[in-house]
Amino acid sequence: MEQSILDEIEARTSARLDIIVLHSQKGGPGKTTLACNIAHELAKRGNKTVLIDLDIAQPAIQYIFHIPDEDIKFTINDILLGKTKVKEEVLIETKNSNLFLMVAKENVEYGEGLLSLIEGIQEFSFFALHEMTKFLLRLGFRYVIYDCAPGYRMESVNAAAIADARVFVVRPSTFSFEGAKMMLNDIYKKLDIRSLNFFIFNQLPPELKDDNKKLLEEWRDEIIDMYLPEKISFLDFLPLSLDIMELGIKGEYIFPESDNLYTKLTKIVDTITENIDRMKKMKVEK
Ligand SMILES: Nc1ncnc2c1ncn2[C@@H]1O[C@H](COP(=O)(O)OP(=O)(O)O)[C@@H](O)[C@H]1O
Ligand SMILES: [Mg+2]
């Protein structure tokens, strides 16, 4: 066989797409913030990456990346509803040539209202997400990051089910912690075969009182104890950063390299990617 054909076969069979899903039980712990920063960092490292907004009711990615409406031909809504097959026109370019977006829209053009839109999406999402994986693999993507809607929404759970790595985001509050435990028990423990679970506490008071610090460490250990040790990894305690809040006012979500949160983020990305690499290597060896 000709070398070019052999090269192509080799490239295809070794092609790999890793799926990372950001999820939480409650709204607001920082899924979108982390999804954007993880995707941005992976792209910066030279990986062809797509960041997908799966939060149909409260989409954010379009606004964070300042994408004008006229640049959007199709949204993730269209795909999740089966209104269109997944195709290249759904991908939106960014300033970073390795980073692409798929955005969601909360305004409904189907004349049926948001609730029925959500119903429709729930039914079709598992199939649509599988098609998405095949499509992105064909286009040579290396990472896909799903920024999910919180809670038990079907498309979020489906994204979690097909993920290589799930990052569960928790705020430092009793409610957020109890909700996280419930969801990890109900869903994530059942999904942990041949995929990885991570969790992270975000938005900690920068100057944490000693007794609260101890409590958060107890919560961390309690979550780890719910699993076999190799089935869940704690990523970090991230502080609430006033600088990041200031930037957020202007719609700027990407951590500047000078910020302490950026240093932490690079380690988080290292941990997630290295663990996925290790897991997939083990799968090949088996
Ligand atoms: N570590 C942090 N420091 C400061 N602000 C943060 C931090 N994490 C998240 N935020 C802010 O909190 C708000 C909610 O975060 P977001 O990522 O939209 O949460 P989610 O997607 O889980 O609903 C946003 O305004 C975001 O800028
Ligand atoms: Mg969000």
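Rules used throughout
Residues numbered from 1 in each chain as written. Chains lettered and ligands numbered in written order. Predicted model: local features only at pLDDT ≥ 70, side-chain atom pairs only at ≥ 80, totals over all residues. Heavy atoms only, no water. Helix = DSSP H or I, 4+ residues; strand = E, 2+ residues; numbered from the N terminus. Buried < 20%, exposed > 50% of the residue type's maximum accessible area, 1.4 Å probe, protein only. Contact = heavy atoms within 4.5 Å. Areas by Shrake-Rupley, 256 points an atom, 1.4 Å probe, with all protein chains shown as cover. Near = heavy atom within 4 Å. Polar contact = N/O pair within 3.5 Å; in protein donor to acceptor, adjacent residues only side chain to side chain. Nonpolar A, V, L, I, M, F, W, Y, C, P; charged D, E, K, R; others polar. Patch = residues over 30% accessible without salt bridge, like charges linked within 9 Å, V, L, I, M, F, W, Y side chains within 5 Å. Salt bridge = Lys/Arg side-chain N within 4 Å of Asp/Glu carboxyl O. Expected span 1.5 Å × (residues − 1). Arc of directions from axis to C-beta. Pairing = 2+ DSSP bridges. Axes fitted to C-alpha atoms, helices over the stretch in contact; angles between N-to-C directions. Phe/Tyr/Trp six-rings, centres within 6.5 Å; stacked < 30°, edge-to-face > 60°. Parallel < 35°, antiparallel > 145°, perpendicular 65-115°, else oblique.

### Details of the overall build of the protein
- What the protein contains, in helices and strands, is 10 helices and 8 strands.
- Counting the 286 residues in the protein, one finds 50% classified as buried.
- Taking the intrachain contacts of the protein between residues at least 6 apart in sequence as the baseline, contacts between residues at least 24 apart amount to 80%.
- Carbon and sulfur atoms form 53% of the exposed surface of the protein, whose accessible area is close to 14500 Å².

### Section: the site of ligand 1
- Surveying the vicinity of ligand 1 reveals 15 residues, the closest of which are Lys 31, Thr 32, Thr 33, Asn 202 and Ser 241.
- Within the contact set of ligand 1, an oxygen atom lies 3.3 Å away from a backbone nitrogen or oxygen of Pro 29.
- Gln 203 is positioned such that a nitrogen or oxygen atom in its side chain is 3.4 Å from an oxygen atom of ligand 1.
- Computed on the free molecule, ligand 1 has an accessible area of 560 Å², of which 80% lies beneath the protein chains in the complex.
- The set of elements that each furnish at least two residues to the shell around ligand 1 consists of helix H2 (31-44), strand S7 (196-204) and helix H9 (242-249).
- Counting residues per element, the shell around ligand 1 draws most heavily on H2, which supplies 3 residues.
- Here the residues of the shell around ligand 1 are counted per class, giving 7 nonpolar, 7 polar and 1 charged.

### Re a nonpolar patch on the surface
- Side chains of Leu 240, Leu 242 and Met 245 sit close together on the surface and give an oily, nonpolar patch of about 290 Å² of accessible area.
- Position of Leu 240 among the secondary structure elements: in the loop between strand S8 (232-239) and H9.
- Taking relative accessible area as the criterion, Leu 240 reaches 30% and is therefore assigned partly exposed.

### Comments concerning helix H8 (residues 210-225)
- Its 16 residues give H8 an end-to-end C-alpha distance of 23 Å, which sits within 8% of 22 Å, the value for a rise of 1.5 Å per residue.
- Of the positions making up H8, those classed as buried are Leu 216, Trp 219 and Ile 223. Burial along H8 is one-sided: seen end-on, the buried residues are contained in an arc of 55 degrees. Structural note: H8 exposes Asp 210, Asp 211, Lys 214 and Asp 225 on the side pointing more than 90 degrees away from its buried face.
- In this structure, the buried side of H8 is in contact with helix H7 (174-186), S7 and S8.

### Considering the sheet that holds S7
- Taken in spatial order, the 8 strands make up an open sheet running S3-S4-S2-S5-S1-S6-S7-S8, and their pairing is mixed. Each edge of the open sheet is held by one strand with a lone partner, namely strand S3 (92-93) and S8.
- Of the strand pairs in this sheet, strand S6 (residues 165-170) and S7 are connected by 6 bridges, and their pairing is parallel. Residue pairing in the sheet places Val 170 in a bridge with Phe 201 of S7.
- Each of S7 and S8 is contacted by H8, which is oriented at about 165 degrees to S7, the strand it contacts most.

### Focus: the packing of aromatic side chains
- Summed over the entire model, instances satisfying the criterion amount to 7 aromatic pairs.
- Taking 5.5 Å as the distance between ring centres and 85 degrees as the angle between the ring planes, the aromatic pair formed by Phe 100 and Phe 141 counts as edge-to-face. Taken together, the positions of Phe 100 in strand S4 (residues 99-102) and Phe 141 in the loop between helix H5 (114-138) and strand S5 (143-148) put the pair 41 residues apart, joining distant regions of the chain.
- Residue classification places Phe 100 among the buried residues on the basis of a relative accessible area of 16%.

### Focus: the packing of H7 against H8
- It is the contact of H7 with H8, at a shortest axis distance of 11 Å, that shows an interaxial angle of 5 degrees. As summarised for this structure, H7 and H8 are arranged roughly parallel, according to the angle between their axes. When H7 is examined against H8, the residues Thr 174, Phe 177, Lys 181 and Leu 184 are found in contact with a partner set consisting of Trp 219, Glu 222 and Ile 223.
- The residue inventory of the contact of H7 with H8, partitioned by class, reads 4 nonpolar, 1 polar and 2 charged.

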